[in-house]
Amino acid sequence: MTSLTTPLSDRFAEALTYAFQLHRHQIRKINGTPYIGHLLSVTALVLAAGGDEDEAIAALLHDALEDQGGEVIRAEIQHCFGDRVVAIVDGCSEVYTHPKPPWLERKQRYLDQLRQASLSVLRVSLADKLDNARSLVTDLALQGAQIWQAFKGGREQTLWFYQELLTLYRQRLSGPHVAELEKLIHQLANF
């Protein structure tokens, strides 16, 4: 991985516009904020971790397959942004078939997928889960423990999933984002 040391290109701007078009009507599950905020936060975290432009583009598009159209969207991403970007997005996607498999099966499959993943996939995945954990801690503080009901895995399985992710990230990544995720998981477990 080469860190981004030059300004982002027009290709990134195209990806930003594309991500906005895909997710413009989508909102976050708990707090109802525009979904694009999550995508921008994940992208900022990837760039802060030294990610390159392909990783930043994949961060913008990491939920596109699951949330916005599966194979059709995958083909568009590959055509517009290339094989590496689509491979990172694939690696960050649990499943994009319907109906979705049961929650626990999806999560276990995702964990298995990450065990074989490239560092680029891990970097984007960590940024995604870190932003999700930040939001969850904030939402718990504002709305209380009843928000766990919005999660198919409930409190215990969601915490299990985050802990398993942390174990995987620690094996191949280091730095402040891994440490922050660990602190957030501890806060979630003690909420």
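Check the entry above for the structure.
Rules behind the numbers
- The residue count restarts for each chain, going from 1 along the sequence in the order it is written.
- Totals for whole chains, interfaces and linings use all residues, but because this is a predicted model, local features are given only for residues with pLDDT of at least 70 and pairs of side-chain atoms are given and counted only at 80 or more.
- With hydrogens and water set aside, each side-chain value is computed from the structure's full complement of heavy atoms.
- Salt bridge, as used here: a side-chain nitrogen of Lys or Arg that lies within 4 Å of a carboxyl oxygen of Asp or Glu.
- Per the convention used, a helix needs a DSSP run of H or I reaching at least four residues, while a strand needs a run of E reaching at least two, with both numbered from the N terminus.
- Each aromatic pair joins two rings of Phe, Tyr and Trp (for Trp, the six-membered one) with centres within 6.5 Å, and gets the label stacked for planes under 30 degrees apart, edge-to-face for over 60, and tilted for any other angle.
- Exposure is judged per residue with a 1.4 Å probe applied to protein chains only, and the accessible area is read against the type maximum: over 50% gives exposed, under 20% gives buried, and values in between give partly exposed.
- Note on definitions: the grid is 1 Å and covers protein atoms alone; a cavity is a set of points where a 1.4 Å probe fits but cannot get out; a pocket is an open set with protein on both sides within 12 Å along at least five of seven lines; lining residues have an atom within 4 Å of a point.
- Grid points are joined across faces, edges and corners, and a volume is the space filled by probe spheres set on the points.

1. Focus on the pattern of salt bridges
At step 1: Scanning all chains against the criterion turns up 15 salt bridges.
At step 2: Linking R11 and D54 is a salt bridge whose minimum nitrogen-to-oxygen distance equals 2.7 Å. In this pair, R11 is assigned in helix α1 (residues 10–23) and D54 in helix α3 (residues 53–61), connecting sequence segments 43 residues apart.
At step 3: Across the pair R84 and D52 runs a salt bridge whose closest N-O atoms are separated by 2.9 Å. With R84 in helix α6 (residues 83–92) and D52 in the loop between α2 (36–48) and α3, this pair connects stretches of sequence that are 32 residues apart.

2. Overview of the environment of Q116
At step 1: Tracing the chain through its elements places Q116 in the loop between α7 (103–115) and α8 (119–143).
At step 2: Separated by 25 residues in the primary sequence, Q116 and G91 place their C-alpha atoms 9.3 Å from one another.

3. Some thoughts on the packing of aromatic side chains
At step 1: According to the stated counting rule, one finds five aromatic pairs in the structure shown.
At step 2: Seen from their ring centres, Y18 and F81 are 5.9 Å apart, and the 50 degrees between their planes marks the pair as tilted. Residue Y18 is found in helix α1, and its partner F81 is found in helix α5 (residues 70–81); the two are separated by 63 residues along the sequence. In terms of burial, Y18 and F81 fall into one category: buried.

4. Section: the layout of surface pockets
At step 1: Here the largest pocket defines a volume of roughly 840 Å³.
At step 2: Every residue lining the largest pocket is counted, 30 residues in all, and those nearest its centre are K29, Y35, K107, N132 and F151.
At step 3: Elements supplying a minimum of two residues to the lining of the largest pocket: α4 (64–68), α7, α8 and α9 (154–172).
At step 4: It is α8 that provides the largest number of residues to the lining of the largest pocket, a total of six residues.
At step 5: Here the second largest pocket defines a volume of roughly 150 Å³.
At step 6: Of all elements in the fold, only α2, α8 and α10 (176–189) reach the threshold of two or more residues within the lining of the second largest pocket.
At step 7: The element that contributes the greatest number of residues to the lining of the second largest pocket is α8, accounting for three residues.

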